[in-house]
Amino acid sequence: MMLHEALQSTKIEGTQVTLDEVLEVEAQTRKNNKDIQEVLNYYQALRGGMDSLRMLPISTRLFKLLHETLLSNYVRGSNRSPGEYRKIQNFIGPEGCTIETASFIPPEPQLVNKYMDNLETHINDPKDDLGELTRVAIIHAQFETIHPFLDGNGRIESAVIS
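Remember, predicted model here, so these are calculated numbers, not experimental data.

Caption draft 1: Representation of the pattern of salt bridges within the structure. Inspection of the entire model under this criterion finds nine salt bridges. Across the pair glutamate 38 and arginine 155 runs a salt bridge whose closest N-O atoms are separated by 3.4 Å. Highlighted residues: glutamate 38 in helix 3 (residues 34-52) and arginine 155 in helix 7 (residues 153-161), separated in sequence by 117 residues. By the burial criterion, glutamate 38 is buried, and arginine 155 matches it. As a salt-bridge pair, aspartate 128 and arginine 135 come within 3.6 Å of each other at their nearest N and O atoms. What emerges from the salt-bridge pattern is a single network uniting Glu38, Arg76, Asp151 and Arg155.

In structure tokens, the structure reads:
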């Protein structure tokens, strides 16, 4: 199930790979490529997140650890500061857009640590009476709004929330 989640989540990012191809690489009957490695990295991040949650709270340390795993092995985004919160302004929009034409501009980079600290506190010490599903939706929205990494934000958030 987790491998299927990894496959579907990376397809949103543009990978062109099937479950059979990933399984063949795992069985060492097929040569690996960047798309397959991206799926395997996501799967390893999911597994690593589950294992780490036995010892760590949901935290900056965990987010950065999973992000580093996600962008390891020279996959797309591996040159975008794996395991580190962004230190430059980024923006989201269609291919080739500028910051002026972006669909969304996350907070300035100097605010990322503060906002992530606030989110971490909210996750681990909630001061509300909201149901779990509502809390997860709010956490998801906040993480995506802060957009702490240069790449891989949605996959990291999904790996932790899943």
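Caption draft 2: Seen up close, the packing of aromatic side chains. Following the criterion strictly, the structure yields two aromatic pairs and no others. Centre to centre, the rings of tyrosine 85 and phenylalanine 149 are 5.2 Å apart; their planes meet at 50°, and the pair counts as tilted. Pair noted here: tyrosine 85 is in the loop between helix 4 (60-70) and helix 5 (112-124) and phenylalanine 149 is in the loop between helix 6 (132-146) and helix 7, with a separation of 64 residues, a long-range link. Residue classification places tyrosine 85 among the buried residues on the basis of a relative accessible area of 4%.

Caption draft 3: View of the environment of phenylalanine 143. By the secondary structure assignment, phenylalanine 143 is in helix 6. In this structure, phenylalanine 143 is in contact with Phe63, Met116, Leu119, Pro148, Phe149, Asn153, Ile156 and Glu157, ignoring residues within four places of it in sequence.

Caption draft 4: Broad picture of the UniProt feature "active site" (unreviewed entry) in the chain. The UniProt record annotates "active site" (unreviewed entry) at His147. Looking at the secondary structure, you find histidine 147 in the loop between helix 6 and helix 7. For histidine 147, the contacting residues outside a window of four places in its chain are Arg86, Asn90, Ile92, Pro106 and Asn153.

Caption draft 5: Representation of a nonpolar patch on the surface within the structure. A cluster of nonpolar side chains, namely Phe91, Ile99 and Ile105, defines an oily patch on the protein surface of about 230 Å² accessible area. With respect to the secondary-structure elements, isoleucine 105 resides in the loop between helix 4 and helix 5. With relative accessibility at 42%, the residue isoleucine 105 sits in the partly exposed group.

Caption draft 6: Main features of the nonpolar core. Formed by 30 residues in total, the largest nonpolar core has its most connected members in Val22, Val39, Phe63, Met116, Leu119, Phe143 and Ile156. When contributions to this core are tallied by element, the ones reaching two or more residues are helix 1 (2-12), helix 2 (19-26), helix 3, helix 4, helix 5, helix 6 and helix 7. Not counting residues up to four positions away in its chain, the partners in contact with methionine 116 are Thr60, Phe63, Tyr85, Phe143, Ile146 and Pro148.

Caption draft 7: The arrangement of helix 4 in detail. Three or more residues of helix 4 are buried, namely Thr60, Leu62, Phe63, Leu66, His67 and Leu70. Seen from one end, helix 4 has its buried residues packed into an arc of 165°, which puts them on one side.

Rules used throughout
Residues numbered from 1 in each chain as written. Predicted model: local features only at pLDDT ≥ 70, side-chain atom pairs only at ≥ 80, totals over all residues. Heavy atoms only, no water. Salt bridge = Lys/Arg side-chain N within 4 Å of Asp/Glu carboxyl O. Helix = DSSP H or I, 4+ residues; strand = E, 2+ residues; numbered from the N terminus. Buried < 20%, exposed > 50% of the residue type's maximum accessible area, 1.4 Å probe, protein only. Phe/Tyr/Trp six-rings, centres within 6.5 Å; stacked < 30°, edge-to-face > 60°. Contact = heavy atoms within 4.5 Å. UniProt positions renumbered as here; feature names shortened; annotations may be inferred. Patch = residues over 30% accessible without salt bridge, like charges linked within 9 Å, V, L, I, M, F, W, Y side chains within 5 Å. Areas by Shrake-Rupley, 256 points an atom, 1.4 Å probe, with all protein chains shown as cover. Core = buried A, V, L, I, M, F, W, Y, C linked by side-chain atoms within 4.5 Å. Arc of directions from axis to C-beta.

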